[in-house]
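A closer look at the structure
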Amino acid sequence: MTSDVDAARPRVAARHWEVRGTVQGVGFRPFTHRLATELGLSGSVRNVDGAVEIDAAGNPADLDRFRTRLAAEAPPLAFITSITERELSSPGPLEDDPAFVILSSAKEHRADFAEIPPDAAICDACLAELFDPADRRHRYPFINCTDCGPRATIIDDLPYDRSRTSMAGFPLCPECAAEYFDSSNRRFHAEPVACPVCGPELSWWSSPEDPDWAEAAGDAALAFAVARLETGGIVAIKGLGGYQLVCDATDQDAVARLRAGKHRPDKPFAVMARDLAAIKALTCVTSAEERLLTSAARPIVLVRPWPEGNPRLAPGIAPNAPRLGLFLPTTALHHLLLRGIDRPLVVTSGNLADAPIVIDDDAAREVLGPVCDGILAHNRPIRARYDDSVARVVADRTQLIRRARGYAPAAVDLPIPASRPLLAVGAQLKHTFTLAVGRHALVGPHTGDLSGLRTLEAFNEAAARMEYIHRVKPELAVHDLHPGYLSTQTVCDWSAGKRMAVQHHHAHIASCAAEHGITTPVLGVAYDGLGLGDDGTLWGGEVLLADLRSYRRLARFGRAPMPGGEAAVRHPLRMALGYLVSGEDLGGARPSSSQLSSFLAGLSSREPELGTVLRLASSGVRSPHISSVGRLFDAASAILGLCDHAGYEGQAAVALEAVSDGALADPLPWRIARHDGLWVLDSVAMLTALLTSVQDQTPVPELAAAFHEALAMATAGLVRKCAADTGVRTVCLSGGVWQNQRLTTAVADALSDDGFRVLTNERVPTNDGGISYGQAAIAAARTTDR
């Protein structure tokens, strides 16, 4: 029988929630504590492995409001993938204690997937404190709070607590401890919290052989760095995810020295500017680009320079590039440097060409010491390499070019869950790997090109670290078809039943389809440099009918030999000769003998080995045939005299896009043939038209524009034919060639006008940086059938 007292007592319920996603290291527990306290709930919150668990008791209506606001008002750095809820049979102790508390984290070694939060750029509140003379963290380079600062680069293990990060060696001082345990403070349970009393400290080092040799700490170290930069020096600074090489972006001599030291003669450098106003003074920035520049990820954003150029920047920063890579300060240290020198800075990866970014202090002195005039370091260890991310905006949508700091290692969902844990090891260039469990695909940070032992070691270390932190032991290795890729060779000792080969261009298309959640067939337009096809030839200009399990080739570009093999990638003029001399004859126009003789007559100074290249192209010896759009761009660029020798992958195509910028032209003639059951674009006919126009002395910008327009119209033509054959109206554009903004926009517009649904990569790169995610998506789909 219910007493009057029981009837008068408010009804109390108790519930348990498990919240998953990026919920550790983002201020989720302090947020939960504040919300529960505001609603008058009792209970607790804690980190358990990679999740957040909440027990709460209170009025059922308040519990309902708590659940709604938990998702709707989550901290800005949080990304919730799931919230599971269950009723507790009795409020029990939760009802007896009116307080809501944060409990110590628990480590239960569950098999569930846990996410590591990416690093976040300094927030506005911390920035205000940084330059407030009255604040105790005034000019402190390591200021942070729950809304910003290092995360992925300092984590040793999960759950995410200070004791499991590289901040474990910095005990909190009484004032920081008071903030850490104060639920009303924005540093409540901010694990990297620190101040000048208890936190990391800057240090300055220059070579003992330097006549201005010096060592210093703290503000004095920063002063040395600013002084070197002001006098044309190069400084290596220790950033969030690795060392960076920095110089004055207005000093051409400093930029030239940096290029020589890094062995990077042509590839564009990124420029960091003090604030948005400084960026607007350098380039034409759209509102969408502004939002991307100021986001917590703070990527390098590729933006259009002012048409008349910018006399403030050194001309050697981005030679012959259509876009300039700009970004805002990521850390307090960057802000302090830019306030000190008050001019834009070149900020580039702290490595030498084809090597991984340096994260170790001793390695910085050994590798970067000879390149720079001093090193601005600190004593907080970096646990994982994270280079700066690179992004662009196309049609108001963000597209990642390099996925690293600020984005990685956040998981990207798989539309079909992996039935067993798998490791997709990616390709060779712009390498990434993907660790997949269930629906979660953790795309690792950009490694670089797997061209040597050091980058291979960096890949293996990063993969092993991810497997350890996430408690995942892969049961399947997914790799490219190409046996020569170092990524493929790393898993060659796995048994046949634990390996799966995935065709390169199928992986490209799957990466685009999967990130958009598509599992039905699409028309995949895969344009890139090279990838091994299932027929043993090298592909790169393909239209595939594909889903996440299989594909069928419907169309391709005309083939041509690569004289001398891979060396032709670095010598675009050789590709031009391969097409013009021995390109596939599909019945269209070909250069006449007189045209070819006239073209060859001027090449002796441009190609010292002209005779050898012609013999290779004619005989086919050491000249594999390719159907690559990337190599077609190389050939066109060389025919126009823009690039004979490429210092970096894609340089010829970049130059071609740059010179076409702003030019208007009708497309070059193009034709599509039917050959061996496939639609084939006649590449030789298009290049013949280009050569004819060059010899007619048509202006180069007009011809570059005409080439782009022809390629766009021809691509739309191929898609229309394939759609007529299959009835499929969804198109995925993927592969490195789609980094060309003019081509991407033209093709997307043409197909959209025809009623096609056109998709491009956004969260994972369209270049080979997205291959590992595509491999994971394919393997997950295929293994569900077994």
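Below: a short report on this structure.

Rules and cut-offs
- Residues numbered from 1 in each chain as written.
- Predicted model: local features only at pLDDT ≥ 70, side-chain atom pairs only at ≥ 80, totals over all residues.
- Heavy atoms only, no water.
- Helix = DSSP H or I, 4+ residues; strand = E, 2+ residues; numbered from the N terminus.
- Rg over C-alpha atoms; globule rule 2.2 N^0.38 Å.
- Buried < 20%, exposed > 50% of the residue type's maximum accessible area, 1.4 Å probe, protein only.
- Salt bridge = Lys/Arg side-chain N within 4 Å of Asp/Glu carboxyl O.
- Polar contact = N/O pair within 3.5 Å; in protein donor to acceptor, adjacent residues only side chain to side chain.
- Contact = heavy atoms within 4.5 Å.
- Pairing = 2+ DSSP bridges.
- Arc of directions from axis to C-beta.
- Axes fitted to C-alpha atoms, helices over the stretch in contact; angles between N-to-C directions.
- Core = buried A, V, L, I, M, F, W, Y, C linked by side-chain atoms within 4.5 Å.
- Phe/Tyr/Trp six-rings, centres within 6.5 Å; stacked < 30°, edge-to-face > 60°.
- Lys NZ or Arg CZ within 6 Å of the ring centre and 35° of its normal.

Turning our eyes to something else, we now look at the overall build of the chain. Each helix and strand counted, the chain has 24 helices and 30 strands in total. Taken over C-alpha atoms, the radius of gyration comes to 28 Å for the chain, in line with the 28 Å a tight globule of 786 residues would show. C-alpha extents for the chain along the principal axes are approximately 105 × 75 × 50 Å. Looking at the chain as a whole, 61% of its 786 residues are labelled buried.

Moving on, we come to unusual backbone geometry. Excluding glycine, residues mostly have negative phi values, and the peptide bonds linking residues are mostly trans. With omega at 5 degrees, the peptide bond leading from Leu 158 into Pro 159 counts as cis. Following the sequence through the fold, Pro 159 ends up in the loop between α5 (124-130) and α6 (174-180). In this structure, the amide linkage connecting Ala 408 to the following residue, Pro 409, adopts the cis form with an omega of 5 degrees. Note on placement: Pro 409 falls in the loop between β17 (397-402) and β18 (411-424). For Arg 471, which is not glycine, the phi torsion reads 55 degrees and is therefore positive. Along the chain, Arg 471 turns up in the loop between α13 (453-469) and β20 (476-480). Judged by relative accessible area, which is 27%, Arg 471 ranks as partly exposed.

This paragraph deals with the pattern of salt bridges. Enumeration according to the criterion identifies 40 salt bridges in this entry. Here Asp 157 ties to Arg 471 by a salt bridge, and the two come within 2.9 Å at their closest N and O atoms. You can see Asp 157 sitting in the loop between α5 and α6 and its partner Arg 471 sitting in the loop between α13 and β20, a full 314 residues away along the chain. Here the salt bridges share partners, and the residues they tie into one network are Arg 15, Asp 64, Glu 85 and Glu 87.

Tracing the backbone through its elements, the reader meets Arg 742 in helix α23 (residues 741-753). At a separation of 2.6 Å, a polar atom in the side chain of Arg 742 contacts the main-chain carbonyl oxygen of Ser 660. Separated by 3.0 Å, the side chain of Arg 742 and the backbone oxygen of Ala 663 make a polar contact. The residues touching Arg 742, leaving out its near neighbours within four places in the chain, are Glu 657, Ser 660, Asp 661, Gly 662, Ala 663, Ala 705, His 708 and Glu 709.

The next point concerns the pairing of strand β23 (residues 538-546). The buried fraction of β23 is high, at nine of nine residues. Examined bridge by bridge, strand β22 (residues 522-532) and β23 share eight bridges and lie antiparallel to one another. Within the sheet, the bridge partner assigned to Leu 532 lies in β23 and is Leu 538. Pairing of β23 with strand β24 (residues 551-557) involves five bridges; the strand directions are antiparallel. When the sheet's bridge partners are listed, Leu 544 is paired in β24 with Arg 553. Two successive antiparallel strands, β23 and β24, enclose a turn made up of four residues.

Among the residues of helix α18 (residues 610-619), those classed as buried are Leu 610, Val 613, Leu 616 and Ala 617. Angular distribution of buried residues about the axis of α18 spans 130 degrees; they occupy a single face of the element. Turned more than 90 degrees away from the buried face of α18, the exposed residues are Arg 615 and Ser 618. In the core, the buried residues of α18 are packed alongside β25 (560-561), α16 (572-582) and α17 (593-601). Where α18 ends, the next residue or the one after it, Gly 620, has phi of about 85 degrees, a positive value.

So, about the sheet that holds strand β4 (residues 79-87). Pairing within the open sheet is mixed, and its five strands lie in the order β4-β1-β3-β2-β5. The outermost strands of the open sheet, each flanked by one partner alone, are β4 and β5 (100-102). Ignoring which end each strand starts from, the neighbouring axes of this sheet average 15 degrees apart. For strand β1 (residues 13-22) and β4, the ladder comprises eight bridges, and the chain directions are antiparallel. Following the sheet pairing, Gly 21 is matched in β4 by Ile 80. Helix-sheet contacts for helix α2 (residues 28-38) involve β1, β2 (42-48), β3 (51-58), β4 and β5, and the interaxial angle to β5 is about 170 degrees. Contacts from helix α3 (residues 60-72) reach β1, β3 and β4 within the one sheet, and its direction differs from that of β1 by about 5 degrees.

Before going further, it helps to spend a moment on the nonpolar core. In this structure, Leu 523, Leu 687, Phe 707, Leu 711 and Leu 718 are the most contacted members of the largest nonpolar core, which totals 68 residues. Considering every element that reaches this core, the biggest residue donor is helix α22 (residues 700-726), with 13 residues. Beyond its immediate sequence surroundings of up to four residues, Phe 707 is in contact with Leu 632, Phe 633, Ala 636, Leu 656, Leu 668, Met 686 and Leu 687. If you look at the next biggest cluster of nonpolar residues, it comprises 63 residues, including Ala 152, Val 246, Phe 327 and Val 472.

With respect to the helices and strands, the residue His 505 is situated in helix α15 (residues 504-515). Taking the relative accessible area as the measure of exposure, His 505 reaches 0% and is therefore buried. Setting aside anything within four residues of it in sequence, one finds His 505 in contact with Ala 526, Asp 528, Leu 530, Gly 531, Trp 539, Gly 540, Glu 542 and Leu 544.

Sheet architecture is open: four strands sit in the order β19-β18-β20-β21, paired in mixed fashion. The sheet is open, and its two borders are formed by β19 (434-443) and β21 (499-502), each paired with just one other strand. Ignoring which end each strand starts from, the neighbouring axes of this sheet average 60 degrees apart. Two strands pair when backbone bridges link them, and β18 and β19 are joined in this way by seven bridges, in the antiparallel orientation.

Any aromatic ring pair is given by two values, namely how distant the centres are and how the planes are angled relative to each other. Enumeration over the complete set of coordinates arrives at nine aromatic pairs. Considering the side-chain rings of Trp 17 and Phe 66, the 5.1 Å spacing of their centres and the 55 degrees angle between planes classify their relative orientation as tilted. Residue Trp 17 is located in strand β1, and its partner Phe 66 is located in helix α3; the two are separated by 49 residues in the primary sequence. Per residue, the accessibility class of Trp 17 equals that of Phe 66, and both read buried. Centroid distance Phe 633 to Phe 707: 5.2 Å. Interplanar angle 80 degrees. Geometry classified as edge-to-face. Here Phe 633 is found in helix α19 (residues 629-639), whereas its partner Phe 707 is found in helix α22, with 74 residues between them in sequence. The ring of Tyr 468 is capped by Arg 471, whose NZ or CZ atom sits 4.7 Å from the centre of that ring.

Burial analysis of strand β16 (residues 390-394) places five of its five residues in the buried class, the great majority of the element. Residues Val 390, Arg 392 and Val 394 line one face of β16 and the alternating positions Ala 391 and Val 393 line the opposite face, and both faces are buried. Relative to β16, strand β12 (residues 300-305) is paired through two bridges, and the arrangement is parallel. Bridging across to β16, Val 301 finds its partner in Ala 391. Alignment of β16 against β17, held across five bridges, turns out to be antiparallel. In the sheet register, Arg 392 faces β17, and the bridge partner there is Gln 399.

By themselves, these are just geometric observations and shouldn't be taken as functional.
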